[in-house]
Amino acid sequence: MLMKSPKTEAAIGLTMSRLEALEKASGAAAFTEDMTLPGMLHGALVLSPHAHARILGYDLSRALALPGVKAVITGAEIGRRYMGLVVKDETALAVDKVRYIGEPVAAVAAIDVATARAAAALVEVEYEPLPAVFTIEEAIAEGAPILHEDFASYFKIYDASTCRLPNELTRSEIILGDVAKGFAECDVVVERVYETAAQNHIYMEPCAALAAVDGRGKVTVWSSTQSVFRTQANVHESLGIPMARIRSVVPRVGGGFGGKSEATVQPVAAALALKTGRPVRVVLSREEDMITMRARHPARMRVKTGARRDGTLVAREFEAWFDGGAYADDSPAVLNFAMFFAGGPYRFEHVRVEGHAIYTNKLRAGAFRGFGNPQATFASESQIDEIARELGMDPLELRLKNIVKPGDRWLGGQTLATSGLEACIDKVIDASRWRERHGSPLPAPAGKRRGLGLTLTAHVCGFLSTSAIVRLAEDGSVTLNTGAVDLGQGSDTVLSQMCAAGLGLGVDDVNFVAPDTDASPYNSGTNCSRVTYMVGRAVGEATQAVQAKMAKIAARILECPEDDVELLPGGLMGVAGSNRTVSFKEIAARSLWFADGGGPVIGSGSIMHNEPLDPKHTLLSGMVSFHNVGAFIFGAQVAEVEIDEVTGKVDIVEAWCAHDVGRAVNPGAVEGQIQGGFVQGAGYALSEEMLWKGGRLINPSLSDYKIPCALDVPYEIRSFVVEVPDPTHPFGAKGVGEPPLIGAGPVIANAIADAGFRVRRLPITPERMLRAMLNGEDGVDV
Amino acid sequence: MSDAVLVSLSINDEVRPVAIPIDRTLLDVLREDLRLTGAKRACEAGACGACNVLIDGHTARSCLTLAADLEGCAVRTIEGLAQDGVPSVVQQAFLDAGAIQCGFCMPGMIMSATELLADNPSPTIAEIRTGISGNLCRCSGYVKVIEAIALAARRLAPSRPMAAAS
Ligand code: FES
Ligand code: FES
């Protein structure tokens with residue numbers, strides 16, 4: 001049991017700026033592209049001009065003849081070495097076939113960037129174009145060209161035997177109760193189709209990697225990544241180098257949002273470094289990054305909801321089609337995650353969810369903040385409002401009548417331990433004065449219309465395994481090593497705060513170690529809102545182990561029973577009920593220098609969340625394992641929007657976002673996550689859309705693909721931090737990275753609907769808004 | 001390779017002669033030649049502001065500025081804002097307001113904020129939003145950035161009543 005008291009926990013609940021904030025404000029922070037090594041070369045990629053083609057051959061002679069060029073590699077040279085988290089279907093460079101425009105086929109290393117790019121343009125690849133499929137409909141049509149002829153032989157961590165359609169890479173089903181029976185009992189049934197577009201991550205730092213090889217052939221890769229361990233595994237799998245010969249480290253990362261979870265340019269940088277024997281840095285341009293990396297899945301969802309006249313929600317059917325692009329990446333997991341939230345935080349008795357992920361000849365879709373849930377929640381929460389309208393009920397009352405409560409079971413059978421959902425709803429309803437304002441037209445300037453919308457969010461934080469090591473140094477300070485990468489969200493700081501609190505120290509007494517596969521304990525990655533919750537648990541376990549070892553030594557020094565030793569703030573242990581104390585420094589000295597000291601004080605934690613799904617509760621098929629989802633996290637959002645009746649432009653006037661974080665370790669950082677997540681979601685809702693024409697991305701730039709700037713979003717984004725402590729976390733904390741984004745789409749769509757127009761497609765661009773104003777609604781028919 | 005011209009380049013109050021190809025951008029000169037990597041490369045097309053520097057006190061996209069044109073101009077980069085190792089008021093306000101997340105946009109953002117406050121010591125929230133509208137940030141949602149700039153304005157002009165203070 002962790003010894004703790006409010007006094008030793010002073011570091012929790014503390015708004016402090018990030019450990020590395022000064023370094024970032026002064027320009028000193030080193031991101032991957034800021035690093036150079038002696039003799040370093042620069043890499044450039046050769047990208048496929050075809051959406052689908054067989055590679056017949058290469059002519060590298062002109063590229064190699066360019067002065068300054070040191071090496072050219074192709075997929076043929078690397079060979080068929082597959083990598084991937086869920087499906088191993090991808091190689092570092094295309095082998096035999098290309099499957100989307102922009103797919104890397106070859107790479108060049110040269111003395112500078114300009115030479116490398118010039119040489120890349122001289123690499124000649126002979127292709128035989130193949131018919132391509134750009135939409136789900138085309139991909140699943142009978143006789144459609146197949147992207148992955150070897151799909152059946154790929155290694156997968158889920159059951160793909162349920163796939164039946166051409167190019168289908170996942171087909172999953174979740175069944176709770178009997179929807180047919182459920183709908184038969186309903187007085188009102190609504191069925192609609194909702195669509196969402198491909199969103200690009202636009203982490204401000206484009207993908208980059210620097211690789212160097214030492215005398216024994218060991219490759220070190222510095223890269224902008226969300227996980228040093230996934231990077232190591234991807235380099236290993238794609239190049240066939242043993243993991244003992246790969247070291248993956250991470251400088252500062254300029255945002256990830258899911259897009260840097262799996263391989264980016266690390267395998268190519270490593271291959272070029274191995275080939276040339278010199279360090280090689282590969283940095284993508286913004287255009288290359290947008291064309292060649294990954295996106296959020298475009299989705300089409302048919303949703304049917306049934307309720308009784310009194311507003312009891314009874315049955316929900318949800319059919320999801322996710323466009324995965326040319327490679328699986330995280331698609332099966334993203335799709336399944338979306339399905340897991342298809343019922344929303346409501347007590348449906350009958351639910352049937354069917355999901356399909358499909359290969360198409362476009363950029364791969366992968367992990368992106370929310371992991372499928374932004375799509376599902378947009379559809380689900382839009383439909384809750386639609387059925388409220390059919391029932392003539394206030395959407396708030398309908399939600400309150402049906403929300404899940406602690407003790408309820410989720411789709412899949414997990415029991416909800418705690419829920420801050422009602423508290424979140426109260427916060428945003430009060431702050432937005434919903435009860436006074438909703439229901440009658442809001443005052444608006446001439447030529448404008450205003451609406452007020454509500455959404456709830458449900459998500460989980462957790463997944464996969466994690467560990468932490470805490471070591472006591474000779475001066476009584478500690479070193480924390482977790483392997484968890486900070487993408488900018490502040491996890492280095494928050495983990496240090498938790499480590500400090502676990503030992504009654506100040507944050508300055510904690511030395512945070514940058515993740516390094518040579519030295520850090522395993523951590524799967526910075527994804528799934530998981531670091532505060534999962535790594536925090538590992539840190540808790542490690543500090544507990546350190547406490548236990550120190551208590552043994554303290555008992556010896558203080559000549560008291562071990563059970564009487566207590567942790568005191570300020571690096572001390574004492575005898576309970578007395579004023580006798582001993583410092584961490586003395587304890588450390590004893591451990592290191594005395595025969596009875598027991599050796600260096602090191603504590604570790606190793607965590608895997610395990611909460612089995614219950615097949616008796618819900619039937620699941622074709623799914624990625626969901627036994628380790630973690631803790632549920634809930635939120636509520638209200639937004640007020642203003643629509644320009646002439647231009648169709650939608651402005652967010654004000655937004656109120658309440659999220660249950662269990663306990664805010666660093667409240668300021670939590671607010672930053674809420675504000676930043678909501679704004680990224682506002683871009684998803686109103687402007688961001690990757691557009692392809694014949695397989696070619698037509699807007700790969702920051703001027704043609706619009707993310708919100710400071711004028712596009714209000715200053716009045718009100719964040720409310722709700723704290724219902726989680727019993728499984730040493731400090732009660734849970735994650736908050738994704739939920740603020742998840743709510744933005746539906747809350748904005750519901751506010752627009754409140755102003756009179758239901759739009760069932762994201763983004764709600766001015767064109768779509770104008771169409772909706774003409775027709776009363778916008779979207780496709782069921 | 002295009003022709004190079006010899007320019008005496010004034011960067012952060014240090015003047016140095018540099019031979020610069022006429023088509024080389026200031027961003028490349030700073031990052032590659034002078035190893036001043038504070039200015040960031042995020043779009044190289046003038047759309048994001050991550051590469052912003054001050055030229056004679058005005059923000060400029062260093063990715064769109066040809067370095068060979070800068071004879072006689074004073075360039076200030078993020079590295080040149082601190083005095084004797086003490087962060088500028090604007091930098092400190094960004095720290096204190098908790099505005100910095102990944103920080104990749106921040107050198108450019110802080111340069112824009114510095115210019116904004118030099119031109120307009122008491123900006124309203126609306127003026128701050130306009131002032132940083134050429135700087136894209138994907139992490140912060142801008143709220144704390146705006147708060148940071150309002151905080152810096154208050155600290156720079158403590159006696160003045162501030163529209164942005166609320
Ligand atoms: S890098 Fe210069 S404006 Fe984006
Ligand atoms: S802090 Fe990450 S882009 Fe602004």
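Draft legend 1. Quick peek at helix α12 (residues 395-402) of chain A. All names here are of chain A. Listing the buried residues of α12 in full gives P395, L396, L398, R399 and N402. All buried residues of α12 project into a common sector of 165° when viewed along the axis, lining one side. Contact partners of the buried residues in α12: β14 (313-325), α11 (373-391), α13 (421-431), α14 (434-437), β16 (448-461) and α19 (739-754). Two to three positions downstream of the cap, the backbone nitrogen of L396 sits 2.7 Å from a side-chain oxygen, assigning the N-cap of α12 to D394.

Draft legend 2. Spatial organisation of the domain arrangement of chain B. All names here are of chain B. Annotation of chain B at the domain level lists domain 1 (4-80) and domain 2 (89-156). Taken over C-alpha atoms, the centre of domain 1 sits 22 Å from the centre of domain 2. On the side of domain 2, twelve residues touch domain 1, which itself brings 18 residues to the contact. For the pair domain 1 and domain 2, the summed buried surface comes to about 1,200 Å²; carbon and sulfur atoms form 61% of the total.

Draft legend 3. Geometry of the sheet that holds strand β2 (residues 53-59) of chain A. Residue and element names in this part refer to chain A. As summarised here, the arrangement of the three strands in space is β4-β2-β6, forming an open sheet in which the pairing is antiparallel. Two strands close off the open sheet at either side, each with one partner strand: β4 (97-98) and β6 (124-129). Bridging between β2 and β4 involves two bridges; their strand directions are antiparallel. Looking across to β4, one finds that R54 is bridged to K97.

Draft legend 4. Representation of the interface of chain A and chain B in the model. Every contact between the two is made by 53 residues of chain A and, on the other side, 39 residues of chain B. For the pair chain A and chain B, the interface holds seven salt bridges. The shortest N-O distance in the salt bridge between E688 of chain A and R138 of chain B comes to 2.7 Å. Where chain A packs against chain B, one counts 21 residue pairs in polar contact (both at pLDDT 80 or more). If you list the elements that add at least two residues to the side of chain A that touches chain B, you get α1 (21-25) and α18 (667-686) of chain A. In terms of residue count, the dominant contributor to the side of chain A that touches chain B is α18 of chain A (eight residues). In terms of residue class, the side of chain A that touches chain B is built from 24 nonpolar, 19 polar and ten charged.

Conventions used here
Residues numbered from 1 in each chain as written. Chains lettered and ligands numbered in written order. Predicted model: local features only at pLDDT ≥ 70, side-chain atom pairs only at ≥ 80, totals over all residues. Heavy atoms only, no water. Buried < 20%, exposed > 50% of the residue type's maximum accessible area, 1.4 Å probe, protein only. Helix = DSSP H or I, 4+ residues; strand = E, 2+ residues; numbered from the N terminus. Arc of directions from axis to C-beta. Contact = heavy atoms within 4.5 Å. Polar contact = N/O pair within 3.5 Å; in protein donor to acceptor, adjacent residues only side chain to side chain. Domains from an automatic or database assignment. Buried area = accessible area lost by both parts, 1.4 Å probe. Pairing = 2+ DSSP bridges. Salt bridge = Lys/Arg side-chain N within 4 Å of Asp/Glu carboxyl O. Nonpolar A, V, L, I, M, F, W, Y, C, P; charged D, E, K, R; others polar.

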